[in-house]
Structures are given as structure tokens and as C-alpha cells.
Amino acid sequence: TIKMNNTIKMNDNNIKKSGIIHKLVRKKILEYVKPGVLLYDIRKNIETWICEYSNSTPNTYDYINSSIAFPVGLSINNIAAHHSPFFQDKTVYTENDILKIDYGIQFNGKMVDAAFSITHNPELEKLKEISEEATNKVIKLSGVDTVLGDLGREIEEIFTSYELGINGKLYPIKPCRDLCGHQILPYKIHGKKVIPNINISYQNRMDEGEIYAVETFPTTGSGHLKEGKGNSHLMINYNIVGNDKYKKIPTYKRIMDKRKTLPWHLDWLEKDPFIKLNELRLLIGEGLVTEYPPLYDIESSYVAQTEHTIGIFENGVVQYT
């Protein structure tokens, strides 16, 4: 079990360094991504740039030698989240698409999680701006004692005040109801508290020294997401109690040695001789490993995302990304 302090100091070097690297990689992505680029090539380049800027060893992916916090998300159009292409994926980003690029940097389990949308379609540029507006508003309203449910109300109000014209048809903008911002803890990408994207009664408050990923997802679709195929994201379930006999399985121990409780991409560990597929299936079946499949809105809809990592402190909010 990983027991660590759930709060951080404002000048925590691991988080600050992670945020700086995230920004440097973002600059490279914005220069690189143009219509015609393969999503898989974008993914591999982002992994390479993270390693270069953090002086990590490429293609190791273990939490000590790699600063990659979780699989690079490249979710296109109606895919809202958790899509990370495999090598056989031939999907190309085009001038008609909107692409959510979501990646994280970590040192010693302290991490930042941030994302942005890219589009070369002028009609979808507005959707990206709506997401940026909502995320920036939440950051502005954040602070010690801020009620997290109130932030969800603000996000939904901003989204539903817009409609978007695409190919001569108007679409009301809605929030993706199944996704939310979240507290970040050491080695735990999702802490106990969330920032909903919708107006619900949720009275938890932000506290001094907490880290949050503020992310908003406006959509032209239904806002109700469904799980798709081609899962790439997996993670040790750090909320599980018991099942000690399964924790002795060599594959479980190997995953803990390599990634601790950080998420991983299926193909990072597939060539590892200590990872056995039948054991992995057993661990998933017993709930010790959780799959996070891609999440889809309805066909022909478009989803945008903007995400930043912030720290909550008595003398103000620090935006790390």
C-alpha cells in the first residue's frame, strides 16, 4: 500500500517540474499536429518528447525511469476520452476533426494532468473556445472552501448558453455528464473529490494543499457517453480491499514494480516476459486491475476538452499547466 501525504506545498518541485515539461511538450505538439498526421505518430512523438524533456529513458514506461504519468489520450470527434491508438491504428487527423490531446507528467508519483483541443475546422473552433471559457472560469472561482458542486453548475450554465452552427444546422451545447474534473493524489490520478461538469448537489469543498485537474467537456451530442471497443488504458485498482491471494500473482507484482498505481497503456507491457495475459485477465475479472475503455458520444457529434492542473492554497490558486 502506498501511503503518502495527500496535500502538497506550493513550491513542490515535482509538480512544478511536471508542469513546465507539460508546457514544453504542448509547444511541440502545436507545431507538429497538422491535417494528415497519423494519431499513432502523434502519440509516439508525445511519449518521446516527455522523455527528452524529463531526461527519462525512452520505451521503459516504469514509474522510476519514465515521467509519463498515463497513456496519451488522442480522442477524436465524438470520442470524449480514453482513446490512445495502438500501432495498427491508421486513423488520420483531418481538417474536419476536433482532437483532444490529454497527457500527464509525473516525478515520484506527483503529477500534472492537462489537455487541450486542436481543430483546423473553423466551425469547431467555437466548441474549443467554449471549453476553454468554462475551464478558465472554474480556475478563477477555485480556492480554499470553494464548493465543488457550485463549479459544476457554472460549467453547465456556460455550456447550455451556447449553440453551435455546423454545416448549416444548429446544435445545443451540453456537458458530458459522465466525465468530471478530479483531485489528484500521489500515484493516484483520481483522488476522492471531483469537479462535476453538471449542476448537481455536491457539497464537498476544496481544501488547502489539494491538487485538482480542472477539465470540461462540451458536446454537440447527447452528453451521455457509452464505452467503446479497443481499450488501451488499464490501472491497478487502488481502492480495492482484500483479495490478498491475487496480489501474489506474478503479473500483479510486475505491474506494481513497473507502474505502481499509475495507469498504463496495454502495449507498454505486452512484450514484458513477466506479464502473462491469462493472469491479467484474471486480475481484471477479480477487480484488481481496472480497464478504462474509450468513451463515445452519439455518432457524428463533436466533443471538446480543456484541462489544467491547479493547486489550492490559502494565498491563492497556482496553475501548473
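Predicted model only: the values in this text are computed from it and were never measured. (Residues numbered from 1 in each chain as written. Predicted model: local features only at pLDDT ≥ 70, side-chain atom pairs only at ≥ 80, totals over all residues. Heavy atoms only, no water.)

Participant: Can you break down the sheet that holds strand S2 (residues 79–81) residue by residue, with the values?
Facilitator: Reading across from one edge, S2-S16-S12 is the order of the three strands in this open sheet, with antiparallel pairing throughout. For this open sheet the edge positions go to S2 and strand S12 (226–227), each flanked by a neighbour on one side alone. Relative to strand S16 (residues 295–296), S12 runs antiparallel, the two being bridged by two bridges. When the bridges of S16 are listed, Lys226 appears paired with Tyr296. (Pairing = 2+ DSSP bridges. Helix = DSSP H or I, 4+ residues; strand = E, 2+ residues; numbered from the N terminus.)

Participant: Describe the layout of surface pockets, with residues and values.
Facilitator: What the largest pocket holds in volume is close to 560 Å³. Around the largest pocket, the lining comprises 30 residues; the ones closest to its centre are His82, Leu179, His190, Glu215 and Tyr292. Counting only elements with at least two residues in the lining of the largest pocket, the list comes to strand S1 (73–76), S2, strand S3 (98–107), strand S8 (180–184) and strand S13 (233–236). Of the residues contributing to the lining of the largest pocket, the split by class is 15 nonpolar, nine polar and six charged. (1 Å grid on protein atoms, 1.4 Å probe; cavity = no way out; pocket = protein on both sides within 12 Å on 5 of 7 lines; lining within 4 Å. Points joined across faces, edges and corners; volume = space filled by probe spheres on them. Nonpolar A, V, L, I, M, F, W, Y, C, P; charged D, E, K, R; others polar.)

Participant: With reference to specific residues and values, describe the environment of Gly181.
Facilitator: Following the sequence through the fold, Gly181 ends up in strand S8. Overall, the relative accessible area of 0% leaves Gly181 in the buried class. Between the C-alpha atoms of Gly181 and His308, which are 127 residues apart in sequence, the distance is 9.4 Å. With residues up to four places along the chain from it excluded, the contact list for Gly181 reads Val194, Ile195, Asn197, Ala213 and Glu215. (Buried < 20%, exposed > 50% of the residue type's maximum accessible area, 1.4 Å probe, protein only. Contact = heavy atoms within 4.5 Å.)

Participant: Tell me what's going on with the pattern of salt bridges, and back it up with residues and numbers.
Facilitator: The final tally for this structure, using the stated rule, is 12 salt bridges. A salt bridge links Lys27 to Glu31; the nearest nitrogen and oxygen atoms lie 3.5 Å apart. Taken together, the residues span about one helical turn, with Lys27 and Glu31 both in helix H1 (residues 13–32) at a distance of four residues. For Lys27, a relative accessible area of 54% puts it in the exposed group. (Salt bridge = Lys/Arg side-chain N within 4 Å of Asp/Glu carboxyl O.)

Participant: Requested: an account of the packing of helix H3 (residues 122–141) against helix H4 (residues 148–160), with residues and values cited.
Facilitator: The interhelical angle for the contact between H3 and H4, taken along N-to-C directions, is 155°, at an axis separation of 10 Å. With respect to each other, H3 and H4 are oriented roughly antiparallel. The element H3 and its partner H4 pack so that their crossing is right-handed. Contacts between H3 and H4 involve Ile130, Ser131, Glu133, Ala134, Lys137, Val138 and Leu141 from the former and Leu151, Glu154, Ile155, Ile158 and Phe159 from the latter. For the contact of H3 with H4, a count of residues per class yields eight nonpolar, one polar and three charged. (Axes fitted to C-alpha atoms, helices over the stretch in contact; angles between N-to-C directions. Parallel < 35°, antiparallel > 145°, perpendicular 65-115°, else oblique. Left-handed = near helix turned anticlockwise from the far one by under 90°.)

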